[in-house]
Every structure is written in C-alpha cells, then in structure tokens.
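# Survey of secondary and tertiary structure
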Amino acid sequence: KAHLQQASTQYLVINTGNANAGTGEPGYADAMAICQALADAKGVDVRSVLPFSTGVIGERLPLAKITAALPSALNTMDAGNWFAASRGIMTTDTQPKGTSTQFDYNGTTVTISGISKGAGMIKPNMATMLGFIATDAPVEKSILQKICSELGNKSFNRITIDGDTSTNDSCMLMATGTLDLPELNNSSDPFYAVLKSELEKIFIELAQAIVRDGEGATKFVSIHVKNCGDSKEALNIAYTVAHSPLVKTALFASDANWGRILAAVGRSEINNMQLDDIQIYLDDVCIVKNGARAETYTEAAGTKVMSQTEINITIEMGRGDASETVWTTDLSHEYVTINAEYRT
C-alpha cells in the first residue's frame, strides 16, 4: 500500500509457491529486501517496485533464491514474454491464462494484454488470484483506478470456485503511455468509453479463465439472477447457490436435482421472499415455475443440460429490475484430492 502511493510504478516482482503471509515482521522485511534488490539493480526508487507473492501460508520467502534470480529475469525482459510470465505465476493452475487485443482509435493502434493465475481458494473479495493487465495508451492514474475498480467488480469479484477467500490477491491495471495520444484524464473523454469497453472484455476473459481452470472442475457454470430489488440482493442469491456444496456436487454428478437450487435460493436471507414469484431455468429448460416444479419439466430434459460442460442457471425473482451474474464450477473428488495433498 505504501508503494502504491508512489507517483508511478515501474516494476512488478512476483513469486509463486510461497504466500509470504502469516510471517510477521520478517516477512515484511523479506518483501522489502526483494524490492530493494530490484530497485538497486535498475537504479530506481524502491517505492516504484511492487511485490506479489502467492502460495503456501506461513513460510518465510527463500530470499537468497529470489534475489539471485533477479538479474536473469531483468536480462530476459521482452515484450514477447507475456506467455512465459503467465506460466511462471502458476500454482495449482493446470494451464497459463493470458489474452491480448488491439483496436484502432483515430488511426492509432491501441494494445491491451493481460495474464491471470488462480484455480482454487477463489471467492471475492478477491481470491488466491493474480491479475495483471496493461495497455500502451497514456492514462492518468486516477482514471486507471476508477476503471480497475469498476471492471474488477464485474469480473474478478464475480467468480467463485470453493467459497474460500485468500490472504494473497491482486488485480493490477497499468498504462505504459508509449502511444502518441493525449493522456486520458477525464471520464467524459470519448476515448474513455472505448478503452473501458475493450478492457472489460479482457477482465472478464481472464476472470472466466480462472473458473474454467478451477481445481478439479468439470463444469463451467453461469448463475444469472434477474428481477431483484437491488444488486446486493441478486448477488446474495447467486453466491448462496454458487457456494452450496449440494448444488455443486449435483452439478458434478450431472444430477438435475432442481430442489437443491430452489432450497439455496430460499435460504439466501432475502426479506419478504415470495415463493410464487420464483422461476428457475437450466439453459432454456424451465425447472421451477411459480415456486414449484414446472408442469412442462422432464427429468430427461434437466439431465441433458446438467450433463453439459457449460451450464446456465437463470433465477428470476419477480422483485424488481436488478440483475447480476456469477461464474462458478462444480465440486469434484479431484478438488478434495488437490487440496488434501497441496503441501505433500
């Protein structure tokens, strides 16, 4: 946090396999020593270096090993190393996560690239995840913060795998300002809406990539909650369904046990919930109508949807105009195995 107050950040230094959390003052000193080593190597203020750590909690960083690796990392810095970086920050991930796009603005090609990591211990606020997104457009710091906060809430703060939050998480939006464009310093500038729209695609793609690579996951599940009184209410319902072990294990088994979904909605602590107003769909198959099993519903139709690798659950509450979407996974035997054997 102290380093984020610096006028500009020039370097990020990231280690995986060790969270450097629960390590007290020695852990803080280790992080500062790594930042200082990088700052000394490049002749910059130590506050222009941001440290990131993810992995096992409670163990000291291998300080000598990390600082010894810094010269090699600096000597191989290249614009083409995004993929290598995405592999380097993996922990229990099974695959690297990265994306890049370009778009034209008034004859200038603008580039956005990003990487993320995370597969378990995923639940807002935020999760065991790292996200690094950069553009070559010149953007003022407060505008970057505004965009990052708003898009983070629509993406990385809308994913959940196991309902567990983390000691270590970060989402960074950076602008190198290398393009010959006027600096974006006002949200009323026409470029603001264009850039934000393109960034939103990147944020969501990287966030969803974490869910698709969820520990032991076999299903990618979108939970759409519609017609609520407000956003908080919609998210409350969505997360209650997404975090239900009974719903998640039914998803893994491809079991169209619609009662589990309805029960989760019912216990989401929404004031004055009217059962008769609730409709629930698996893709386009109506499973609950007016709070009870839909007359048109068949077990075969429900099972067919639940057998898919991508599933949409839509819950209509009939209470207002607010809607929210959360992305999650099923819960498999493999998830238990991965986390039972994490340190062994």
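The structure this text deals with has already been given above.
Notes on the structure follow. All values derive from a computational prediction rather than experimental measurement. (Residues numbered from 1 in each chain as written. Predicted model: local features only at pLDDT ≥ 70, side-chain atom pairs only at ≥ 80, totals over all residues. Heavy atoms only, no water.)

Before going further, it helps to spend a moment on the pattern of salt bridges. Here the idea is simple: oppositely charged side chains can pair when their charged atoms come close. Evaluation of the coordinates by the stated rule reveals 11 salt bridges. One salt bridge in this structure joins Asp 30 and Arg 60, with 2.7 Å as the shortest N-O distance. Of this pair, Asp 30 sits in helix α1 (residues 24-42) while Arg 60 sits in the loop between β2 (49-56) and α2 (63-75), and the two are 30 residues apart along the sequence. By relative accessible area, which is 4% here, Asp 30 ends up buried. Assessed through its relative accessible area of 48%, Arg 60 is described here as partly exposed. Arg 212 is the partner of Glu 310 in a salt bridge, and the nearest nitrogen-oxygen pair spans 2.5 Å. (Salt bridge = Lys/Arg side-chain N within 4 Å of Asp/Glu carboxyl O. Helix = DSSP H or I, 4+ residues; strand = E, 2+ residues; numbered from the N terminus. Buried < 20%, exposed > 50% of the residue type's maximum accessible area, 1.4 Å probe, protein only.)

The next thing to look at is helix α6 (residues 231-243). Look at α6: 18 Å from first C-alpha to last across 13 residues, which is about the 18 Å you get at 1.5 Å a residue. Along α6, the positions that sit buried rather than exposed are Glu 233, Ala 234, Leu 235, Ile 237, Ala 238, Tyr 239, Thr 240, Val 241 and Ala 242. Against the buried residues of α6 lie β7 (220-228), α7 (245-252), α8 (258-266), β11 (310-316) and β12 (322-329). Sitting at the amino-terminal end of α6 is Asp 230, which places a side-chain oxygen 3.3 Å from the backbone nitrogen of Lys 232. (Expected span 1.5 Å × (residues − 1). Contact = heavy atoms within 4.5 Å. Polar contact = N/O pair within 3.5 Å; in protein donor to acceptor, adjacent residues only side chain to side chain.)

Right, let's get into α2. Ala 69 marks where α2 bends most, by close to 30 degrees; the proline Pro 71 follows one to four residues later. Among the residues of α2, Ile 66, Leu 70 and Leu 74 are the ones counted as buried. Next to the buried residues of α2 lie β1 (11-18) and α1. (Bend = angle between axes of the 7 residues up to and from the residue.)

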